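What follows is each chain in one-letter form.
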Amino acid sequence: MPVRGDETVTARFVISLSRRDGNLPRRRPLVHEKGVVPVTKILAVAAPLLALAAGPAVRPSAPAAPSRPRLVVVVSIDGLSFARLESYRSWYTGGLKRLLEEGRVETACRYRHLNTETGPGHSSLSTGAPPRVNGIVANRWFQRLKDGSLRVINSVDQPAPEGVPGTPPMFYREVEKDDRLYVFALESELKRWQSSGEIGRGTTRPGYGPQDETVVFDSDDAITLYNFSHGRAKETFDQAQTIVGPGNLRVPTLGDLLADARPGSRVVSLSAKDRSALFLAGRNPQHAVFWFDQETGRFTTSAAYNPPAGARAVVNEWNRTSAGPLLPSRFGLAWKRMPVPDPQPSPTPVPAPLMTDFQIPSNGVGWDHTFTLHPRGYFTSLYYSPVVDDLVNELALAFVRDEAYALGRREQPDILALSYSSQDLVSHSYGPESEENLDVLRRLDLHLGRLLSALEASFPKGGVLLALSADHGMQTIPEAERSRNPAFKGGRLTNNLRALPSFDETLNRLVSEELCLPPDSKPIFGAEGWSLMYNRPALPLRTVAGPCGPADSLVTAETLDAVLPRLITHAFREEIAEVLPVSQRERWPHDDPAVEFSLNDFDPERSGDAFLIPQPNALMHFDPARGTHHGTHHEYDIHVPLIFWGGGVKAARIDASCTPYDLAPTLAAALGVTMPDAVGVNRLTR
Ligand SMILES: [Zn+2]
């Protein structure tokens, strides 16, 4: 079911839509587009709007926080919808049980942006604002280079500083597969692609090969070597070398603002995933940001950060005594299901035999799962299992207990941000409705129980304020649903060069036929998430003589804007409900719920040429038949938990509508920090 936002929420987000678009000052005035609204009227009917406009820290009537927390803990559970958390309540005995019972549970907390992915979600949690403001519009997006060409970049790519050591050794390999040419300059990328079919930060160039085939490059080095070996002109690149970092964030995070406002405050951020750790933390290079390295089985950081020696010491010691080659002896070679209580709580997940046909066998299918199958090795097997949550939690406990680093025990308050990834990684392969998913959740319940106990043992009552949320939810596996319920509507578009025909290719063929272009034309560059990019370097294209008339009519971006909505919603009507060309955004109908979600994900440099609005239960996925995803504006992807615990917060269930953008402003208010770019509100004053 598509979610129709209540009027208040819709209004407050639409009012500030044009800010980024028009480079207007970000602080929003209390002026409606149609004129000044009397303040009394605002006070009477739009209290949430007033709070939004005033910002969380300067609201004059807000009751003072009881006492400032010494440590703020942010917990993000990657891919966990509120419905999933709540439905398994009777299974919990540990931290999830305590948080649901002792915390302030916001039951109606929904994202208001499209492309509900990990980068945008974590950036929204830390900045208190949607991608429209924070700039992280998807996990990957299209970048227009100075020469007009296009490429896909990862949200965590940023230019490398001068003189970064460790440039990988050069390597060269061309591989033909499925009528495409794959070009590698990194041996590790070749191995990764051979085992998983994924190319992490690749560039795809339609028609670039010797026989006009599509060429996929693993890196800019691959393009350079390919050009050299095929006698093509040398190219220069905007970002010759990139490192992983938070540089694409457009506004500061809570951690950045705390470090500015209270010098000496520290931010520690840990996750299995790089993007989760660094977007939760922010841009200050002093933040201690660490994630799990699948090559070494240890936690690592990048040249984007230079954390204090004390933080490095905690991680180094834990890596030395608990990680890397020690992991097989600690976690064994199998993921066994936790014993199921007798009697079994309800509800129960979909039994494994009904799921195995639809699961991606990251660690095999059926119990026990094995850590010996993944072609990229043992550490990657752990990454796609509940074990990475164990590792994040262990390192978090090491930080909480470390007397020398004294997190939260010094004069200024500190932030500990934790993103637990297993829920997402396991659900992608096995489905959120699976036994595997519940097993991850039960283990996480125990981890969080240990975390809460450690916090209580280390800090006086009220000294810790914890906020738990998620970066997005997750859809069930549509084919598995349909096997149990033939009336179920849903499906998938395959966006992967391995799987033929891919969405991009089918669309290019359809557009070429419709507009009488030569059959091998590539008017569409590609889709990332639910954003579509035209092949701008190739435009305008010229028609051939035929039903459209004589040859050599020009096909421009405007032509595509005009034809795509009808073409796509006919050809892909089961998966795509609507197409919103970006050039027409001033005319998008504001009573269309999808418009608000698209505008909140819109960034003029990063959003491409059109938003595709997914039908309910439609996936954009790399696998043609198995596994699942997230990214839509539908209930299962946007409705996530928001729980506040500790710091004097009383147990409550709050059913009023809210957004995850409220997390950072709420914590900011408790810390006495102002967040001028945030659109969320302080939940603890209402
Ligand atoms: Zn995620």
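Residues numbered from 1 in each chain as written. Predicted model: local features only at pLDDT ≥ 70, side-chain atom pairs only at ≥ 80, totals over all residues. Heavy atoms only, no water.

1. A short note on the packing of aromatic side chains
- If you walk through the whole model with that rule in mind, you get 17 aromatic pairs.
- Each ring, one from Phe503 and one from Phe572, has its centre 4.8 Å from the other, and the planes form 65 degrees; the classification is edge-to-face. Here the residue Phe503 occupies a position in helix α20 (residues 503–515), and Phe572 occupies one in the loop between α21 (557–571) and β25 (576–581), the gap between them amounting to 69 residues. Per residue, the accessibility class of Phe503 equals that of Phe572, and both read buried.
- Note that Arg205 overlies the ring of Tyr208, its terminal NZ or CZ placed 4.9 Å from the centroid.
- We note Arg232 situated over the ring of Tyr208; from NZ or CZ to the ring centre the distance is 3.8 Å. (Phe/Tyr/Trp six-rings, centres within 6.5 Å; stacked < 30°, edge-to-face > 60°. Helix = DSSP H or I, 4+ residues; strand = E, 2+ residues; numbered from the N terminus. Buried < 20%, exposed > 50% of the residue type's maximum accessible area, 1.4 Å probe, protein only. Lys NZ or Arg CZ within 6 Å of the ring centre and 35° of its normal.)

2. Focus: the side chain of Ser598
- Following the sequence through the fold, Ser598 ends up in helix α22 (residues 593–599).
- By relative accessible area, which is 0% here, Ser598 ends up buried.
- Beyond its immediate chain neighbours, meaning those up to four positions away, Ser598 contacts Leu114, Leu580, Trp588, Phe611 and Ile613. (Contact = heavy atoms within 4.5 Å.)

3. Describing the state of the cysteines
- For the structure on display, the rule yields 1 disulfide.
- In this model, Cys516 is linked to Cys548 through a disulfide, with the two sulfur atoms separated by 1.8 Å. Taking the torsion about the S-S bond as the criterion, the Cys516 to Cys548 disulfide, at about 75 degrees, is right-handed. Highlighted residues: Cys516 in the loop between α20 and β21 (524–528) and Cys548 in the loop between β23 (541–542) and β24 (554–555), separated in sequence by 32 residues. (Disulfide = S-S within 2.5 Å.)

4. So, the packing of helix α16 (residues 387–401) against helix α18 (residues 435–458)
- It is the contact of α16 with α18, at a shortest axis distance of 10 Å, that shows an interaxial angle of 0 degrees. By the criterion of interaxial angle, the relationship of α16 to α18 is roughly parallel. On the side of α16, the interface is formed by Asp389, Asp390, Asn393, Leu397, Val400 and Arg401, while α18 contributes Val440, Leu444, His447, Arg450, Leu451, Ala454, Leu455 and Ser458. (Axes fitted to C-alpha atoms, helices over the stretch in contact; angles between N-to-C directions. Parallel < 35°, antiparallel > 145°, perpendicular 65-115°, else oblique.)

5. Some remarks on the pattern of salt bridges
- Tallied over the full model, the rule gives 31 salt bridges.
- Residue Glu528 pairs with Arg140 through a salt bridge whose shortest N-O separation is 3.0 Å. Taken together, the residues Glu528 in strand β21 and Arg140 in strand β5 (residues 140–144) connect sequence positions 388 residues apart.
- Taking relative accessible area as the criterion, Glu528 reaches 14% and is therefore assigned buried. (Salt bridge = Lys/Arg side-chain N within 4 Å of Asp/Glu carboxyl O.)

6. Considerations on unusual backbone geometry
- The step from Asp342 to Pro343 runs through a cis peptide bond, and the omega angle for that step is 0 degrees.
- Along the chain, Leu539 connects to Pro540 via a cis peptide bond; the corresponding omega equals -5 degrees.
- Along the polypeptide, Pro540 turns up in the loop between β22 (531–534) and β23.

7. Some points on the sheet that holds strand β26 (residues 610–614)
- Strand order across the open sheet formed by 4 strands is β21-β22-β26-β25, with antiparallel pairing between neighbours. Unpaired on one side and paired on the other, β21 and β25 mark the two borders of the sheet. Shown here is a sheet whose adjacent strand axes are inclined to one another by a mean of 25 degrees, direction ignored.
- The pairing of β21 with β22 spans 4 bridges and is antiparallel. When the sheet's bridge partners are listed, Gly526 is paired in β22 with Met533.
- Along the sheet, α20 makes contact with β21, β22, β25 and β26, crossing β21 at roughly 145 degrees. (Pairing = 2+ DSSP bridges.)

8. Some details on the coordination of the zinc ion
- Within the first shell, the zinc ion binds the protein through Asp78 (OD), Thr118 (OG1), Asp471 (OD) and His472 (NE2), at distances of 2.0 to 2.2 Å.
- The site at the zinc ion holds 4 donor atoms, and with the angles between them running 91 to 133 degrees, its shape is tetrahedral.
- Here the donor residues of the zinc ion are spaced in sequence according to D-x39-T-x352-D-H. Here Thr118 lies in helix α7 (residues 118–127) and Asp78 lies in the loop between β3 (71–77) and α5 (82–87), a separation of 40 residues in the sequence.
- Judged by relative accessible area, Asp78 falls into the buried class, the value being 0%. (Donors = N, O, S within 2.8 Å, 3.2 Å for Na, K, Ca; no water. Tetrahedral: all angles 85-135°; square planar, octahedral: opposite > 155°, others 65-115°.)

9. With respect to α21
- With 15 residues, α21 should cover 21 Å at 1.5 Å per step; its first-to-last C-alpha distance of 20 Å lies within 8% of that length.
- Within α21 the residues assigned to the buried category are Ala557, Leu560, Asp561, Val563, Leu564, Leu567 and Ile568.
- Buried positions along α21 lie against α20, β21, β22, β24, β25 and β26. (Expected span 1.5 Å × (residues − 1).)

10. What to know about helix α12 (residues 274–281)
- When you tally the buried positions in α12, you get 8 out of 8 residues, the bulk of the element.
- Listed in full, the buried residues belonging to α12 are Asp274, Arg275, Ser276, Ala277, Leu278, Phe279, Leu280 and Ala281.

11. Let's talk about the nonpolar core
- In this structure, Phe399, Leu448, Phe503, Leu532 and Leu564 are the most contacted members of the largest nonpolar core, which totals 155 residues.
- Each residue touching Phe503, except ones within four places of it in the same chain, is listed here: Leu493, Thr494, Ala527, Leu532, Phe572, Ile576, Leu612 and Met620.
- Ranked by size, the runner-up nonpolar core spans 9 residues in total, among them Val183, Tyr208, Phe217 and Ile223. (Core = buried A, V, L, I, M, F, W, Y, C linked by side-chain atoms within 4.5 Å.)

12. Concerning the sheet that holds strand β9 (residues 180–184)
- Taken in spatial order, the 4 strands make up an open sheet running β8-β9-β11-β10, and their pairing is mixed. Edge positions in the sheet fall to β8 (173–177) and β10 (203–205), since each has one partner strand and no second. Averaged over all pairs of adjacent strands, the angle between strand axes in this sheet comes to 20 degrees, irrespective of strand direction.
- Where β10 meets strand β11 (residues 215–217), 3 bridges bridge the pair, whose relative direction is antiparallel. Bridging from a neighbouring strand, Thr204 pairs with Val216 of β11.

13. A short note on the pairing of strand β6 (residues 150–154)
- Within β6, 5 of the 5 residues are buried, which leaves it mostly tucked inside the rest of the structure.
- Every second residue of β6 is oriented toward a common face, with Leu150, Val152 and Asn154 on one face and Arg151 and Ile153 on the other, all of them buried.
- Taken together, β5 and the strand that follows it, β6, pair antiparallel across an intervening segment of 5 residues, in which Gly148 is found at a positive phi of about 95 degrees.

14. Let's talk about the environment of Leu254
- Secondary-structure assignment places Leu254 in helix α11 (residues 254–261).
- Overall, Leu254 belongs to the buried group, its relative accessible area being 4%.
- The spatial distance from the C-alpha of Leu254 to the C-alpha of Leu667 is 8.1 Å, given a sequence separation of 413 residues.

15. Observations concerning the environment of Leu249
- Structurally, the position occupied by Leu249 is in the loop between β12 (242–244) and α11.
- Taking the relative accessible area as the measure of exposure, Leu249 reaches 3% and is therefore buried.
- Taking C-alpha positions, Leu249 is 7.7 Å from Gly282, a pair spaced 33 residues apart along the chain.

Geometric values such as these leave the question of function open.
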